[in-house]
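Fold and geometry: a report
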Amino acid sequence: MEHSPKHYNFSFTAGAALLQETVTIAQTLLETNFDWDKTKQEINNNNLLQKDKRQTSTRQFSLVKFRLEQLSKQQIKMLCSESMPDKKIMVILSIIKSHPLVFDFIAETIRSKYFAFDYKLTYADYNAFINEKQAEHPELNSITEGTAKKIRQMVFKILEQTELIDSVKSGTIKKPYVSPQLEQVIVKDNPFLLAALLYNNEEIILATQKHHA
C-alpha cells in the first residue's frame, strides 16, 4: 500500500468516533445549506450535541467539523440519508481522511492480519506499528507516555465504535459490508481509501475498474 507520508495528528483523542455527533452536525449542515456559521449557531443555541458542558460541545464540534470538511457534499448527504451501517462507513471515511495514523494502522496492520486469517487485534500489534513508524513520523517521539496510551486507547475505541473490531476487549477484526453505491462514491474520491475497509489490493483494482467502466 503506497501513499505519501502525512503528518500524524492526534486530535481524535477529543472524542473517538463521535458517531451520533457526526450525524447530528452533518444533518444540521445540510439543513443550513452547508453554512458552517449557521450550523455552529444551531448546534450551540439548541445544545444539539446534548453535552453538559459548552466546552465539551465546542471541542467535539471543532473535531467533527475538521472531519466533515474532508468529505464531499455528496458524501455528507449520504452520511445523512443512509442506514446506520452505511453511516458508520462514512464516519470511518471522514476519520481516515482526517487522521493518517488511523488510516495507516488499518490499511497496513489490521488489513495484513485479516488477510493472513489472524483476526485478533492486540495492543502489541499497535505498539509494533508505532515502533515501525517512529523514524518516518518524529511527532510520535515528542509525546508523553500518558498521551501515547491515550492515543492507543482512542484508536481502539474508534475501531470498536465503527465496528471494525467487535470490541476493544476481544479485538476480533470484522470486515464491513460496503454497498455498491458507497463503493462507487469512495472509488470516485480515492480507491485506496478502500484499504481502510479491509479490501485487498486485487479487490481495490476490481472496484476501480467496475466503477470507472
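Here the structure is a predicted model, which is why all the values come from computation and not from measurement. (Residues numbered from 1 in each chain as written. Predicted model: local features only at pLDDT ≥ 70, side-chain atom pairs only at ≥ 80, totals over all residues. Heavy atoms only, no water.)

On a plain count of helices and strands, the protein chain comes out with 10 helices and zero strands. For the protein chain, the sequential pattern of α-helices and β-strands runs α-α-α-α-α-α-α-α-α-α. Computed over the C-alpha atoms, the radius of gyration of the protein chain is 17 Å, within 12% of the 17 Å expected from 2.2 N^0.38 for a compact globule of 213 residues. Based on the C-alpha atoms only, the size of the protein chain along its principal axes is roughly 50 × 50 × 30 Å. In the protein chain, which comprises 213 residues, the share counted as buried stands at 51%. (Helix = DSSP H or I, 4+ residues; strand = E, 2+ residues; numbered from the N terminus. Rg over C-alpha atoms; globule rule 2.2 N^0.38 Å. Buried < 20%, exposed > 50% of the residue type's maximum accessible area, 1.4 Å probe, protein only.)

Counted by the stated rule, this structure contains nine aromatic pairs. Judged by centre distance (5.2 Å) and plane angle (85 degrees), the ring pair of Tyr114 and Phe115 falls under edge-to-face. Through a chain of ring-to-ring contacts, the aromatic side chains of Phe105, Tyr123, Tyr126, Phe129 and Phe156 assemble into a single cluster. Directly above the aromatic system of Trp36 lies the positively charged group of Lys65, at a separation of 5.4 Å from the ring centroid. (Phe/Tyr/Trp six-rings, centres within 6.5 Å; stacked < 30°, edge-to-face > 60°. Lys NZ or Arg CZ within 6 Å of the ring centre and 35° of its normal.)

What follows is about the pattern of salt bridges. Any two side chains of opposite charge can pair, given that their charged atoms come close. According to the stated counting rule, one finds 12 salt bridges in the structure shown. Here Lys149 makes a salt bridge to Glu145, at a shortest N to O gap of 3.7 Å. Here the residue Lys149 and the residue Glu145 both occupy positions in helix H8 (residues 145–161), the gap between them amounting to four residues, near one helical turn. Accessibility expressed as a relative area gives 47% for Lys149, which makes it partly exposed. (Salt bridge = Lys/Arg side-chain N within 4 Å of Asp/Glu carboxyl O.)

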